[in-house]
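Fold and contact review
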Amino acid sequence: MIAEQMVEYGQALKRLEHPTPVPQGTEVLIRIHRCGVCHSDIHIHDGHFDMGGGRQADIRAARKLPFTLGHEIVGVVEALGPEATGVAVGDARIAYPWIGCGACPTCDRGLEHLCPKPRNLGVNVDGGFADHVVIPHSRYLVAHDGIPLDLAGPLACSGITAYSALKKLGELGPNDPILIVGAGGVGMMGIQIFRALFGRGPLVADIDPAKREAALAAGAAAVYDPREDKIANRIMKETNGGVAGVVDFVGAEATTTLGVRSLRRGGKLVIVGLFGGAFTLPLPMFPWNGLSVEGSMVGSLQELRDLVAMVQAGKVKPIPVDVRPLSQASQALEDLKAGRVVGRVVLSA
Ligand SMILES: [Zn+2]
Ligand SMILES: [Zn+2]
């Protein structure tokens, strides 16, 4: 097999050849056709994560080098381990990458993506910047019939990130406005998924006028510039006392503060973005206003299945995709880092 591997943090990826793995036990060998390149690949490649305030989290202990990045994997089943069932050679599948230990109480609850002993593809174990990958069990493979190859992979990351965050808002009535903060890739996906789930558009805040324009075109009910003076007051007024929920796809001090200030009593703030920083709120505000704050990280296997069904039903439009050969993996990472990418870069193996 061929893999574009990280041999040193922060350095160009190297094309290395290894013997193609033979699946053992319940394992399934996937011949990869596409793998999306994600912003979190950049952080892993850097080896550290910006925690705000000049602090950095060193994340190098989570894997051994050389290492294969990539967690938005789509391919076909090429071989099955002796105990593998549930798929057949030739089946086209999306690989759910947020795999846990499969044996702890968190995994038992279906929350493998929050398992304390993660085996996440492309994060802890070798991922998709390659032509083959081993999946520990067929249950992590999701059929995507009717969804084009180029579009299927990102559903496993940006797709379920947006979907899972919006699901955390719970049941919403027609008079329960929602504010989405940040109309980047995940936020734009969020606008579409919100419309598909609730049959109307969310309010959207973004500092970039072009993104506000794009959000309106995608069906946002109204757009706001978070830098506008007293913007939370205006949102309060225009929503008759505040929004029922906020999903913050940025996760910076300013956006989270705006989110909390825009909430009505009983409202919920869901923090998704990992921009970093900190925010303070007087503790009595939580009980007085019945506020809740919840974090959301990627999504569960069931949420990926639900989202795939929603896309298959034609309820979510495709995002722009830039397909490149696997040999350009290193360049794709560089371009993403430098902000030279529109939509999603997807590597074709
Ligand atoms: Zn990702
Ligand atoms: Zn576990």
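The sections below set out a description of the structure shown in this document. (Residues numbered from 1 in each chain as written. Chains lettered and ligands numbered in written order. Predicted model: local features only at pLDDT ≥ 70, side-chain atom pairs only at ≥ 80, totals over all residues. Heavy atoms only, no water.)

Turning our eyes to something else, we now look at the coordination of the zinc ion (ligand 2). For the zinc ion (ligand 2), the full set of protein donor atoms is Cys101 (SG), Cys104 (SG), Cys107 (SG) and Cys115 (SG), at a range of 2.3 to 2.4 Å. One can describe the site at the zinc ion (ligand 2) as tetrahedral: its four donor atoms subtend angles covering 103 to 117° at the metal. For the zinc ion (ligand 2), the donor residues sit on a single chain with the sequence spacing C-x2-C-x2-C-x7-C. A single burial state applies to cysteine 104 and to cysteine 107, both of which are buried. (Donors = N, O, S within 2.8 Å, 3.2 Å for Na, K, Ca; no water. Tetrahedral: all angles 85-135°; square planar, octahedral: opposite > 155°, others 65-115°. Buried < 20%, exposed > 50% of the residue type's maximum accessible area, 1.4 Å probe, protein only.)

Where helix α4 (residues 158-167) contacts helix α5 (residues 185-198), the two axes come as close as 9 Å, and the packing angle between them is 50°. One element, α4, and the other, α5, form an angle in the oblique class. For the element pair α4 and α5, the recorded crossing hand is right-handed. Across the interface between the two elements, Ser158, Gly159, Thr161, Ala162, Tyr163, Leu166 and Lys167 of α4 pack against Val186, Met189, Gly190, Ile193, Phe194 and Leu197 of α5. (Axes fitted to C-alpha atoms, helices over the stretch in contact; angles between N-to-C directions. Helix = DSSP H or I, 4+ residues; strand = E, 2+ residues; numbered from the N terminus. Parallel < 35°, antiparallel > 145°, perpendicular 65-115°, else oblique. Left-handed = near helix turned anticlockwise from the far one by under 90°. Contact = heavy atoms within 4.5 Å.)

So, on to the coordination of the zinc ion (ligand 1). The zinc ion (ligand 1) binds to the protein through Cys38 (SG), His71 (NE2) and Cys157 (SG); the donor distances cover 2.0 to 2.2 Å. If you list the donors of the zinc ion (ligand 1) from N- to C-terminus, the spacing comes out as C-x32-H-x85-C. Placement of the pair is cysteine 38 in the loop between β3 (28-37) and α1 (39-46) and histidine 71 in the loop between β5 (55-58) and β6 (72-80), with a sequence separation of 33 residues. Note on accessibility: cysteine 38 and histidine 71 belong to one class, buried.

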